[in-house]
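Summary of structural features
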Amino acid sequence: MPRSPVAHFDIEYLQILDPEGKVDAALDPKLGKDELLALYRGLVWGREADERMLKLQRQGRLGTFSPSVGQEAVSVGPSYCMGKTDWFVGAFRELGGRLMRGHRFRDILLFWNGREEGSAIDPALRTLCDSIIVGAQVPHAVGLAYAQKLRGEQAATVCWFGDGATSQGDFHEGLNFAAVWQAPVVFICQNNQWAISVPRKLQTRSQSLAQKAIAYGMPGIQVDGNDVLAMVVATREALARAKRGEGPTLIEAVTYRMGVHTTADDPTRYRDEAAAQAEWAAKDPILRLRRYLEAKKLWDEKREEALREELRAQIAEEVKAFEADTTFALDAPFEYVFGTEHAAITEQRAEFLALIARDAEREREEAGRG
Amino acid sequence: MIQAINLALTEMMGEDDSVLVMGEDVGVNGGVFRATEGLHARFGEARVLDTPVAESAIVGTGIGMAMAGLRPVCEIQFCGFSYLTMAQLEGHASRVRNRSQGKLTVPMVVRVPYGGGVRALEHHSESREASFAHFPGLKVVIPSTPRNARALLRSAIADPDTVLFMEPKHSYRAWREEVPEAPEQLPIGKAELVREGTDITLIAWGAMRRPAEQAAALLGEQRGATVELIDLLTIAPLDVETIAASVQKTGRCVVVQEAPRSFGVSSELVTVINDRALMYLEAPVARVTGFDVVTPGFSREKAYLPTAGRIADALAATLDF
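Residues numbered from 1 in each chain as written. Chains lettered and ligands numbered in written order. Predicted model: local features only at pLDDT ≥ 70, side-chain atom pairs only at ≥ 80, totals over all residues. Heavy atoms only, no water.

**Comments concerning the overall build of chain A**
Across its full length, chain A carries 14 helices and eight strands. Whereas a compact globule of 370 residues would reach a radius of gyration of roughly 21 Å, chain A reaches 23 Å, a difference of no more than 12%. Relative to its 370 residues, chain A shows a buried fraction of 53%. When the accessible surface of chain A is split by element, carbon and sulfur atoms take 52% of a total near 17100 Å². A distance of 3 Å separates the average location of the 47 positive side-chain charges in chain A from that of its 55 negative side-chain charges. (Helix = DSSP H or I, 4+ residues; strand = E, 2+ residues; numbered from the N terminus. Rg over C-alpha atoms; globule rule 2.2 N^0.38 Å. Buried < 20%, exposed > 50% of the residue type's maximum accessible area, 1.4 Å probe, protein only. Areas by Shrake-Rupley, 256 points an atom, 1.4 Å probe, with all protein chains shown as cover. Lys, Arg positive; Asp, Glu negative; His and termini not counted. Charge placed at Lys NZ, Arg CZ, Asp CG, Glu CD.)

**What about the sheet that holds strand β7 (residues 192-195) of chain B?**
Residue and element names in this part refer to chain B. An order of β7-β9-β8-β11-β12 is seen for the five strands of this open sheet, with the pairing classed as mixed. Every interior strand has two partners, whereas the edge strands, β7 and β12 (286-289), have only one. Across the sheet, the mean angle separating the axes of adjacent strands is 25° when strand polarity is ignored. Inspection of the sheet shows β7 paired to strand β9 (residues 227-231) by three bridges, in the antiparallel sense. In the sheet register, E192 faces β9, and the bridge partner there is D231. Against the sheet, helix α8 (residues 209-223) touches β7, β8 (200-204) and β9, its axis set at about 40° to β7. Packed onto the sheet, helix α10 (residues 265-277) meets β8, β11 (253-257) and β12 and runs at close to 160° relative to β11. (Pairing = 2+ DSSP bridges. Axes fitted to C-alpha atoms, helices over the stretch in contact; angles between N-to-C directions. Contact = heavy atoms within 4.5 Å.)

**Details of the environment of F132 of chain B**
All names here are of chain B. Examined against the element boundaries, F132 turns out to sit in helix α6 (residues 129-133). We classify F132 as buried; its relative accessible area is 1%. Here the alpha-carbon distance between F132 and I243, two residues 111 residues apart in the chain, equals 21 Å. Once residues lying within four places of it in the same chain are set aside, the contact partners of F132 are S82, T85, M86, L89, L138, V140 and L164.

**Observations concerning the packing of aromatic side chains**
Aromatic ring pairs are described here by two measures, namely the spacing of the ring centres and the angle between the planes. All names here are of chain B. Across all of its chains, the model carries 17 aromatic pairs over all chains by this definition. On the basis of an interplanar angle of 75° and a centroid distance of 5.7 Å, the ring pair of F78 and F81 is categorised as edge-to-face. Overall, the relative accessible area of 11% leaves F78 in the buried class. For F81, a relative accessible area of 22% translates into the label partly exposed. Linked through ring pairs, F33, F78, F81 and Y172 together constitute an aromatic cluster. (Phe/Tyr/Trp six-rings, centres within 6.5 Å; stacked < 30°, edge-to-face > 60°.)

**A few points about the pattern of salt bridges**
The full count for this structure, using the stated rule, is 44 salt bridges over all chains. Close ionic contact of D320 of chain B with R223 of chain B constitutes a salt bridge, the shortest N to O distance being 2.7 Å. Placement of the pair is D320 of chain B in helix α12 (residues 308-320) and R223 of chain B in helix α8, with a sequence separation of 97 residues. When salt bridges that share partners are traced, they join E48, R290, E294, E301, E304, R308 and R312 of chain A into one network. (Salt bridge = Lys/Arg side-chain N within 4 Å of Asp/Glu carboxyl O.)

**Observations concerning the confidence of the model for chain B**
Of all residues in chain B, 100% have pLDDT values of 70 or greater, and the mean over the chain is 96. The ipTM value of the predicted complex is 0.93, and its pTM value is 0.95. (pLDDT = per-residue confidence, 0-100.)

**Let's talk about the pairing of strand β1 (residues 19-23) of chain B**
All names here are of chain B. For β1, the tally of buried residues reaches five of five residues, placing the bulk of the element in the interior. Of the two faces of β1, the one lined by V19, V21 and G23 and the one lined by L20 and M22 are each fully buried. Direction of pairing for β1 relative to strand β3 (residues 71-75): parallel, over a ladder of five bridges. In the strand pairing of β3, L20 is matched with P72. For β1 and strand β2 (residues 48-50), the ladder comprises three bridges, and the chain directions are parallel. Considered in β2, the bridge of M22 is made with L49.

**Re the interface of chain A and chain B**
Contacts between the two partners involve 39 residues from chain A, matched on the other side by 44 residues from chain B. Between chain A and chain B the total buried area reaches about 3400 Å² when both faces are included, carbon and sulfur atoms providing 67% of it. Per-residue buried area on chain A facing chain B is highest for F177, Y336 and F338 of chain A; these three make up 19% of the total on that side. The interface formed by chain A and chain B holds one salt bridge in total. Two residues, R276 of chain B and E347 of chain A, come together in a salt bridge whose shortest N-O distance is 2.8 Å. Scanning the region where chain A abuts chain B turns up 13 residue pairs in polar contact (both at pLDDT 80 or more). Elements supplying a minimum of two residues to the side of chain A that touches chain B: α5 (137-150), α6 (169-181), α13 (332-335) and α14 (343-369) of chain A. Per-element accounting of the side of chain A that touches chain B gives the leading share, eight residues, to α5 of chain A. A breakdown of the residues in the side of chain A that touches chain B according to their chemical character gives 23 nonpolar, nine polar and seven charged. (Buried area = accessible area lost by both parts, 1.4 Å probe. Polar contact = N/O pair within 3.5 Å; in protein donor to acceptor, adjacent residues only side chain to side chain. Nonpolar A, V, L, I, M, F, W, Y, C, P; charged D, E, K, R; others polar.)

**Description of the sheet that holds β3 of chain B**
All names here are of chain B. Strand order in this open sheet of seven strands is β2-β1-β3-β4-β6-β5-β10, and the pairing throughout is mixed. Either end of the sheet is taken by a strand with one partner, and the two such strands are β2 and β10 (234-236). Pairs of neighbouring strands in the sheet enclose a mean axial angle of 20°, with direction left out of account. Strands β1, β2, β3, β4 (109-114) and β6 (163-168) of the sheet are contacted by helix α1 (residues 2-15), whose axis makes an angle of about 135° with β1.

Here it is, written out as structure tokens:
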């Protein structure tokens with residue numbers, strides 16, 4: 001036969017917890033009470049922290065940042081499944097996951113306030129700094145995972161990126177390398193439907209983003225990204241596969257960017273907010289887990305209030321610590337150019353300090369005259 | 001030189017388990033220039049990685065490995081393909097130290113054969129050291145002889161930062177030099193005073209060192225003038241002290257670069273001399289360079305590349321100024 005099919009592929013969609021808070025009994029991972037409550041706490045922690053950041057930004061107390069409201073489950077679920085020696089490689093919308101990972105909120109605030117000090121994470125935490133360049137972190141994650149494999153560690157790397165990143169060369173190059181090397185890495189695409197103003201349908205003609213895995217020879221699965229139980233199950237399966245030496249997995253987490261791309265963006269210019277908000281608010285990851293917990297008699301209004309109060313108090317304390325951090329060496333960038341000393345850098349550092357001292361003196365003089 | 005590079009790789013991989021080499025054709029084939037010959041058989045496919053053809057990912061995954069504590073040596077086959085690595089080098093490799101305030105670093109070497117003179121295809125003969133030297137935090141090293149290639153590559157692999165190691169491929173098999181038995185290292189960031197002189201300073205690097213040496217000898221024979229020859233070895237960070245001290249002594253200077261004339265390393269050298277030695281100058285600093293054109297195919301490359309004759313002319317004109 002001159003023409004015959006060479007291969008057939010299927011892409012699975014996974015949802016366990018529906019928007020009404022009902023769990024599919026056949027797929028239920030049967031998490032214990034403490035596990036469920038920890039996940040719920042992680043989601044609310046991410047939401048509360050995010051909302052606080054937005055207020056701080058609008059008050060001019062924080063720089064531009066990328067909110068993750070509505071997308072908390074995509075990073076909280078996988079982060080909860082990760083071991084301490086697994087590498088966490090995020091983009092810039094994994095706030096809930098980072099907090100669950102043990103990244104201090106005050107440091108996250110410092111980072112988004114333009115202070116590199118916020119990224120000075122203890123290497124023992126095995127968490128990379130946010131990657132602002134879209135998709136560039138994908139090969140980094142593959143390199144980290146390869147190092148884990150080479151050393152025979154029982155560990156893997158989890159790497160997040162957005163739907164826009166799947167258009168980047170680094171995404172394709174990285175996935176290809178990971179598959180060829182059978183590197184222990186889990187790729188999680190936060191498909192939030194929008195790459196700033198460009199909708200998913202203008203990003204790719206692929207029916208799903210998960211199917212891009214097929215071309216590289218790795219499993220791909222589409223998951224309800226607002227369903228934290230589905231995210232836990234898909235990540236656990238992928239991490240187990242990676243740690244068994246069976247290579248990478250691509251998880252497409254279908255979610256929605258409820259807010260702005262960054263605080264410098266105005267989505268009303270390019271999308272119908274009211275319709276989208278209504279549709280996706282009904283699928284909210286926090287709401288549906290709460291409904292489930294309430295049905296199981298694990299949660300009620302009183303506990304909700306207590307949790308919110310506790311988290312808000314903690315957030316307020318972290319904000320206070322962040323704003324009280326006035327140790328601000330302007331010449332710090334000179335410290336981290338090279339790991340070795342070089343005369344030109346030393347000299348330029350001295351020149352830089354002398355110049356800012358002189359500018360400050362001029363300002364004082366002018367103020368005195370005024 | 002190619003054997004010296006192979007020796008340095010063999011030595012470093014033998015001494016340190018965290019060193020690995022990766023790139024296109026570096027495994028069974030031993031590299032297109034044979035720099036990695038024998039490594040695959042000796043150290044195995046886990047540490048001698050034949051990668052898919054994707055330069056950004058070669059460097060990008062190298063960054064990940066280096067952040068995890070390995071010491072990857074990436075090979076990019078030709079300078080013309082290295083632009084695909086620029087986003088990863090500028091956006092990440094050179095910045096991770098600052099981004100993480102020293103908590104994470106990228107001790108990685110990216111080897112790039114560069115330059116003309118071997119009758120290669122388009123995109124195979126460029127000299128683009130200046131493009132990379134402009135990235136803060138990236139070290140750019142260019143050996144010029146077998147002995148310093150081995151010593152500098154050892155240092156580059158041991159260095160705490162990302163080093164772009166640009167190898168003048170015209171020098172790979174152009175001549176021989178004894179390389180001592182005992183392993184040597186040369187400091188990165190330090191130029192070499194190749195020969196001392198009192199009348200004029202001549203600065204060159206990479207493949208231009210040979211014609212510079214010939215021109216210096218020629219000038220000595222013809223005019224009895226002594227030339228002080230400096231080989232930069234490291235382009236970034238630049239050894240300003242050695243350059244300034246020499247020009248302050250001789251009062252005259254000629255810079256030789258294979259790359260296009262404008263916005264190159266020679267322009268930076270003239271500025272450094274302007275800053276540090278203007279009042280010592282007896283003549284303007286002269287440059288012998290390539291031209292601001294697309295690097296020509298091999299029928300014209302001989303006409304394009306600076307020669308000993310052109311360098312000697314510039315030395316004579318600067319002495320006569």
